[in-house]
Amino acid sequence: MNLLRLLKLIWSTLIYISFNHKNISLNVSFYSSPDNPIIQTNSGKIKGQLAETIYGDKYYYFDGVPYGQPPVGENRFKAPRPILKWSGIKDCTKQPNKSLQFNGRVNEVQGSEDCLYLSINVKKLHTHPKLPVMVYLHGGGFNGGDSTRRAWGPDYFMMKDVILISVGYRLGALGLTKFNDKSLEVPGNCALLDAVLALQWIQDNCLCFNGDPENITLFGHSSGSHMVHMLMQTPITKDLFHKAILLAGFHMDLFPHPKWQYRLAKKLGYAGQEDDEKSLCDFLSKMEASNLVNFDIFTEEEKQLFEIIKMYPCWPTMDDSIITQNPAIAQRSAWSNNIPLMMGSTSTEALAQYKKFHNNPETYEMFKKNPRLLLADNLKTLQDEQLIRKLCNKIKDIHFGDKEVTVANFQLALMNESYNMIYHNEHRLIQSRLKYASAPTYVYRFDFDSPYFNFYRQRFCGPDVRGVGHVDELGYIFLLPDAYKLEANTPEYQCIVQMIETFYSFAKNSDPNNRHLQPAHWEPVQHKSVPYCLNIGYDRTVFMPWPEYEKCCARDEVYKMTDIVLY
């Protein structure tokens, strides 16, 4: 731990000690009431609220806790600045707006550009030892999502003695715009810098909430998981968290940056030159913020090539403190190879694209006209057409064998996409950790195929489709808006208990094993021919060989035909 961080921790501890009286930890102010505790943080006093979960557990929440100055006006696109100290008591009993974004489901701009807030949920304010802290980065493709209790209710986590903190950060153009001119002070990847500042605030203040600053777990889902993985690879986050959980998002590749900011400005009426970055930055900085999140700036060819094409963290940038090099190479010497990792995905990650592949002949006509659509994103952009043809044939052999790429074989096409999206990068990280990490790596596979409680599958696929797709696992660790109270004897409730106990055990002890997994015993991956995973099924949970391993190894051979670094 560096000297500055040590001094801050000492200061936080002194604040904590100074408010002790008769063996009661009075980091909670004398002006508190049982229902509205007032906490003294390094930044100022905040008022929270006592609440009760759907299953009757009591906990405290502190919503809209600011960790950074609002990134508005002249601070738009710039690195986040620490929150200034405030006087008085800040009311943190109301949920903040989510980060500004365009919600395509309801076709409207939502949220606020002023978004650097934490949602803090605390089971108990006075315990010894202090509680493990779990920090969550939400998903949403770097362009959407909500960090608040509206989207991710903490009810299930509050079954355990833990602190759960969700981070609001900038999205889309507001969080990812970059310029090369250092005088503009637009470093790029500000969404990630926001997360770093949040972690610094949490490290300095979690003791005030009864949290253990030496036991912080960072976890995220999808793009949030990508962010966690990026933060695991950058030196500036060392000591800010002590273990990590990656849920269906693995940062093993760089993606091209197709001049987003110039395209966006031109779409909005910018008439200047592309290389005049000062004029371009000035134009975008003065633009109404809502215009920066609702845009269509990609070509038809790009839209056809990429299922999801929006803004993505990039490298190089003016400030290379986050992404410093090719991720696969950075992973080899990452400081996080020395901390425990829990990671995994669902059994049919691409199930959300069911309607695209099932009973949709147009999809397969596109494959016929442009076979590179069968490839993962990091292969689609290769320019050697002869090589592309070879790669396409190899991928077709792996996933279709002697079957044709037609609507009749939509399940094979769906699984190919699951490997493109998730499984192969998951495999690459597993192999890298096996080779370079000294700390354990626990791999899970979520295969809990509930007929009625997998809400994201129902949303994207309809009520009659079965399977476990992207996001479905979150319904068993967070209270989703569509969720409801379950009977204790249902498999769904038992899955919630098992998932929460497992996450809590990992956060507390760096080992996910617990009595709810028995008779299964979850071991970290070993140097064997096949990595083993914990398969969380509807009927039972078993420790078994990872089913995706064989096809991932076959894909390795495809990648060896290119100059892409595997691991």
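Nothing here was measured: the structure is a model prediction, and the numbers come from that model.

A. Summary view of the sheet that holds strand 15 (residues 341–346). Across the sheet, which stays open at both edges, the 11 strands sit in the order 5-6-10-12-11-13-14-15-16-17-18 with mixed pairing between neighbours. The strands lining the two open edges of the sheet, one partner per strand, are strand 5 (49–52) and strand 18 (541–545). The average angle at which neighbouring strand axes cross in this sheet is 25°, direction not considered. Note: strand 6 (residues 58–66) against strand 10 (residues 117–122), five bridges, orientation antiparallel. Residue pairing for strand 10: Phe62 is matched across the bridge by Ile120. Against the sheet, helix 13 (residues 410–436) touches strand 14 (243–247), strand 15 and strand 16 (441–447), its axis set at about 160° to strand 15.

B. Summary view of the packing of aromatic side chains. Following the criterion strictly, the structure yields 35 aromatic pairs and no others. With a centroid separation of 5.4 Å and an interplanar angle of 45°, the aromatic rings of Phe446 and Tyr476 are classed as tilted. Note that Phe446 is positioned in strand 16 and Tyr476 in the loop between helix 14 (455–461) and helix 15 (491–509), a separation of 30 residues in sequence. Seen from their ring centres, Phe448 and Tyr538 are 4.9 Å apart, and the 45° between their planes marks the pair as tilted. Taken together, the positions of Phe448 in the loop between strand 16 and helix 14 and Tyr538 in the loop between strand 17 (532–537) and strand 18 put the pair 90 residues apart, joining distant regions of the chain. Look at Phe448 and you get buried, because its relative accessible area is 2%.

C. Examining helix 13 more closely. For helix 13, built from 27 residues, the straight-helix expectation of 39 Å at 1.5 Å per residue is met to within 8% by its first-to-last C-alpha distance of 38 Å. Along helix 13, the largest kink reaches about 50° and is centred on Tyr419.

D. Quick peek at the packing of helix 12 (residues 385–400) against helix 13. Helix 13 packs onto helix 12 with a crossing angle of 115° between their chain directions and a minimal axis gap of 10 Å. Of the two possible hands of crossing, helix 12 and helix 13 adopt the one that is right-handed. Between helix 12 and helix 13, the contacting residues are Ile395, His399 and Phe400 on the first element and Leu412, Ala413, Asn416 and Tyr419 on the second. The class makeup of the residues in the contact of helix 12 with helix 13 is five nonpolar, two polar and no charged.

E. Region of interest: the state of the cysteines. For the coordinates displayed, the defined rule picks out zero disulfides. Cys190 provides the cysteine sulfur closest to Cys115, a residue in no disulfide bond, and the two sulfurs are 11 Å apart. The thiol of Cys552 is not disulfide-bonded; the next cysteine sulfur, from Cys553, is found 7.1 Å away. Taking relative accessible area as the criterion, Cys552 reaches 0% and is therefore assigned buried.

F. Just the sheet that holds strand 3 (residues 38–40), in detail. Strands sit in the order 3-4-7 across an open sheet of three strands; the sheet is mixed. In this open sheet, the two strands that pair with only one neighbour each are strand 3 and strand 7 (89–91). The average undirected angle you get between the axes of adjacent strands in this sheet is 30°. Relative to strand 7, strand 4 (residues 45–47) runs parallel, the two sharing three bridges. Bridging from a neighbouring strand, Lys47 pairs with Asp91 of strand 7.

G. Spatial organisation of the pattern of salt bridges. A full pass over the atoms with the stated rule returns 19 salt bridges. Two residues, Arg149 and Asp63, come together in a salt bridge whose shortest N-O distance is 2.6 Å. Placement of Arg149 in the loop between strand 11 (131–137) and strand 12 (163–167) and of Asp63 in strand 6 is noted, with a sequence separation of 86 residues between them. Residue Asp194 pairs with Arg170 through a salt bridge whose shortest N-O separation is 2.8 Å. Of this pair, Asp194 sits in helix 3 (residues 190–205) while Arg170 sits in the loop between strand 12 and helix 2 (172–176), placing them 24 residues apart in sequence. For the pair formed by Asp194 and Arg170, the shared burial category is buried. Among the ionic contacts, a cluster of salt bridges with common partners joins Arg445, Asp447 and Glu548.

H. Fine view of helix 16 (residues 549–559). Within helix 16, the full set of buried residues consists of Tyr549, Cys552, Arg555, Asp556, Val558 and Tyr559. Buried residues of helix 16 fall within an arc of 155° about the axis and therefore sit on the same side. Where the residues of helix 16 are buried, they touch helix 11 (377–380), helix 12 and helix 13.

I. Examining the environment of Pro371 more closely. In this fold, Pro371 is placed in the loop between helix 10 (361–369) and helix 11. Accessibility expressed as a relative area gives 38% for Pro371, which makes it partly exposed. Taking C-alpha positions, Pro371 is 49 Å from Val162, a pair spaced 209 residues apart along the chain.

What counts, and where the lines are drawn
- Residues numbered from 1 in each chain as written.
- Predicted model: local features only at pLDDT ≥ 70, side-chain atom pairs only at ≥ 80, totals over all residues.
- Heavy atoms only, no water.
- Pairing = 2+ DSSP bridges.
- Helix = DSSP H or I, 4+ residues; strand = E, 2+ residues; numbered from the N terminus.
- Axes fitted to C-alpha atoms, helices over the stretch in contact; angles between N-to-C directions.
- Contact = heavy atoms within 4.5 Å.
- Phe/Tyr/Trp six-rings, centres within 6.5 Å; stacked < 30°, edge-to-face > 60°.
- Buried < 20%, exposed > 50% of the residue type's maximum accessible area, 1.4 Å probe, protein only.
- Expected span 1.5 Å × (residues − 1).
- Bend = angle between axes of the 7 residues up to and from the residue.
- Left-handed = near helix turned anticlockwise from the far one by under 90°.
- Nonpolar A, V, L, I, M, F, W, Y, C, P; charged D, E, K, R; others polar.
- Disulfide = S-S within 2.5 Å.
- Salt bridge = Lys/Arg side-chain N within 4 Å of Asp/Glu carboxyl O.
- Arc of directions from axis to C-beta.

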